[in-house]
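# Structural overview
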Amino acid sequence: MTPAKEATIYDIARALKISTATVSRGLQGNEAVKEKTRKRILDKAKELGYRYNSFASNLRRNKTHTIGVLMHELNSSFMLSVLAGIEAVTAEAKYDILITHSAESGSKEIANVQNLFNKRVDGLIASLAFDTPDISHFDAFTDKKIPVIFFDRVEENKGGTKIIIDNYKAAYAVTQHLVDQGCKRIAHVTGSRSRNVYDQRYKGYVAALRDNKIKVDEKLIFINDLQKDSCVAAAKQMMQMKQRPDGLFTTGDLAAAICIQAFKEGGWKIPDDIAVAGFNNDMVSTIIEPNLTTVNYSGFNMGKVAARMLIGHLTGKNEISFTSTVVLNAELVIRDSTLRKK
């Protein structure tokens, strides 16, 4: 079946016996065209099924009014709240967003970045995948002076504008809280230290132990992909230890919830046998029983800050410094999963 031909301004002009220039001005609401004529143009456009090609029009101006968004995952409430924050700002500024999802794959991230570049987005907001080796695939953007803002997962020692929290400080606070609750053998389940968030949280955990004269035991540190099978395996390994841990700090709430469930299935009580804390304040933290102690930072605010900075730069209201870092607030949220001292 042959698709119907798209109506053009030439079709409208031919039907109304007026010039294409008048049709173009009338469609744009130009007051140089009489109101009666504008109405005839709009009515005929609707009748013919004419669609204004804003993309082509913007390309002629060397802008698409589109922001690319690269997410490393879409299955967490935190990342969805970041996206909501971005959309709130871009919608108000009349920018469209084009969302891509790396699914924690570095190779898929590289392909997505190239795709967004080819789509001619005006700017990019990105969070790095689990195994991204470096950020050289963003060079095409920087070479063309297309602004890129990284959020949450970033390359700390590379250039570019970054929106982050103080992961070291937050992890230190979580570990110190577990110590204050009487924990002396605190395990740590985390992701690859090649990513800034996991590296800084690991360093905060280690620093808090050392400041409290607690030996760092490598047997209590589990670096994995934070998926279900890996977290269950880590929890089972902890339960089989001769010197069992009495505290656990995971770098994600879902990982913490999975460990809690595995501990409970193994007959352990939370927090009496082991106190458990997570990170991110995802929805699961208030669903799991007992409710999870975690670190809260607003994904919605992070998304809004990133979008405002980017659009401000694109509209000439501010100039992005390509070495600037914005650090947002984070706070420890204490719940029953760690409260051994009521």
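Let me begin by describing the structure that accompanies this report. Sequence order as written defines the numbering, with residues in each chain counted from 1. Where totals are concerned, whole chains, interfaces and linings use all residues; where local detail is concerned, this predicted model gives features only for residues with pLDDT of at least 70, and gives and counts side-chain atom pairs only at 80 or more. Only hydrogens and water are set aside; all other atoms, that is, all heavy atoms of the structure, feed into the side-chain values.

## A look at the nonpolar core
What counts, and what does not: Here, nonpolar core refers to any group of buried Ala, Val, Leu, Ile, Met, Phe, Trp, Tyr and Cys residues whose side-chain atoms link them within 4.5 Å. With a 1.4 Å probe rolled over the protein chains alone, any residue whose accessible area is under 20% of its type maximum counts as buried; one over 50% counts as exposed, and the rest are partly exposed. By the criteria applied, helices consist of DSSP H or I runs no shorter than four residues and strands consist of E runs no shorter than two, each listed in order from the N terminus. Between two residues, a contact is recorded if the distance between any of their heavy atoms is within 4.5 Å.
With 45 residues, the main nonpolar core has Ile125, Phe151, Ile163 and Met302 as its most contacted residues. When residues of this core are traced back to their parent elements, those giving at least two are β1 (66-71), α5 (77-92), β4 (148-151), β5 (161-165), α8 (167-180), α9 (196-211), β9 (275-277) and α12 (299-314). Here this core gets eight residues from one element, more than from any other, and that element is α12. With residues near it in sequence (within four places) discarded, isoleucine 163 still touches Ile149, Phe150, Phe151, Asp152, Met302, Val305, Ala306, Met309, Val326 and Leu328.

## Some words on the sheet that holds strand β6 (residues 186-190)
So the rule is basically this: When DSSP finds two or more bridges between two strands, those strands count as paired. In this analysis, axes come from line fits to C-alpha atoms, helices being fitted only over the stretch in contact, and the angle between any two N-to-C directions falls in the range 0 to 180 degrees.
Ordered by their spatial adjacency, four strands build an open sheet running β7-β6-β8-β9, and the pairing between neighbours is parallel. Unpaired on one side and paired on the other, β7 (221-223) and β9 mark the two borders of the sheet. Between one strand and the next, the sheet's axes are offset by a mean angle of 10 degrees, whatever the strand orientation. Along the sheet, α9 makes contact with β6, β7 and β8 (247-250), crossing β6 at roughly 175 degrees.

## Things to note about the packing of aromatic side chains
Here the distance between the centres and the angle between the planes together describe a pair of aromatic rings. The following threshold applies: Ring pairs shown here join Phe, Tyr and Trp side chains whose ring centres sit within 6.5 Å, with only the six-membered ring taken for Trp; geometry is labelled stacked below 30 degrees between planes, edge-to-face above 60, and tilted in between. Criterion for a charge above a ring: Lys NZ or Arg CZ within 6 Å of the ring centre, and within 35 degrees of the ring normal.
Here the structure, examined in full by the defined rule, presents seven aromatic pairs. Each ring, one from phenylalanine 117 and one from phenylalanine 141, has its centre 5.5 Å from the other, and the planes form 70 degrees; the classification is edge-to-face. In this pair, phenylalanine 117 is assigned in helix α6 (residues 106-118) and phenylalanine 141 in helix α7 (residues 139-143), connecting sequence segments 24 residues apart. Consider the rings of phenylalanine 130 and tyrosine 198, whose centres lie 5.9 Å apart with planes at 50 degrees: the pair is tilted. One end of the pair, phenylalanine 130, is in the loop between β3 (123-126) and α7; the other, tyrosine 198, is in helix α9, and 68 residues separate them in sequence. Across the pair, tyrosine 198 and phenylalanine 130 agree in class, each one buried. An aromatic cluster is defined as three or more aromatic residues linked by ring pairs; in this entry it consists of Phe78, Phe249, Phe279 and Tyr297. Here arginine 201 stacks its cationic end above the ring of phenylalanine 279, 3.7 Å away from the centre of that ring.

## Quick notes on the sheet that holds β1
Taken together, six strands build an open sheet; the order of strands is β2-β1-β3-β4-β5-β11 and the sheet is parallel. Across the chains shown, the open sheet's two edge strands, defined by having one partner strand only, are β2 (96-101) and β11 (325-328). Put simply, the sheet's adjacent strands are angled 20 degrees from each other on average, direction ignored. Where β1 and β3 come together, four bridges link them in parallel fashion. The partner of leucine 70 across the bridge, within β3, is alanine 126. Across the face of the sheet, α12 comes into contact with β1, β3, β4, β5 and β11 while running at roughly 165 degrees to β5.

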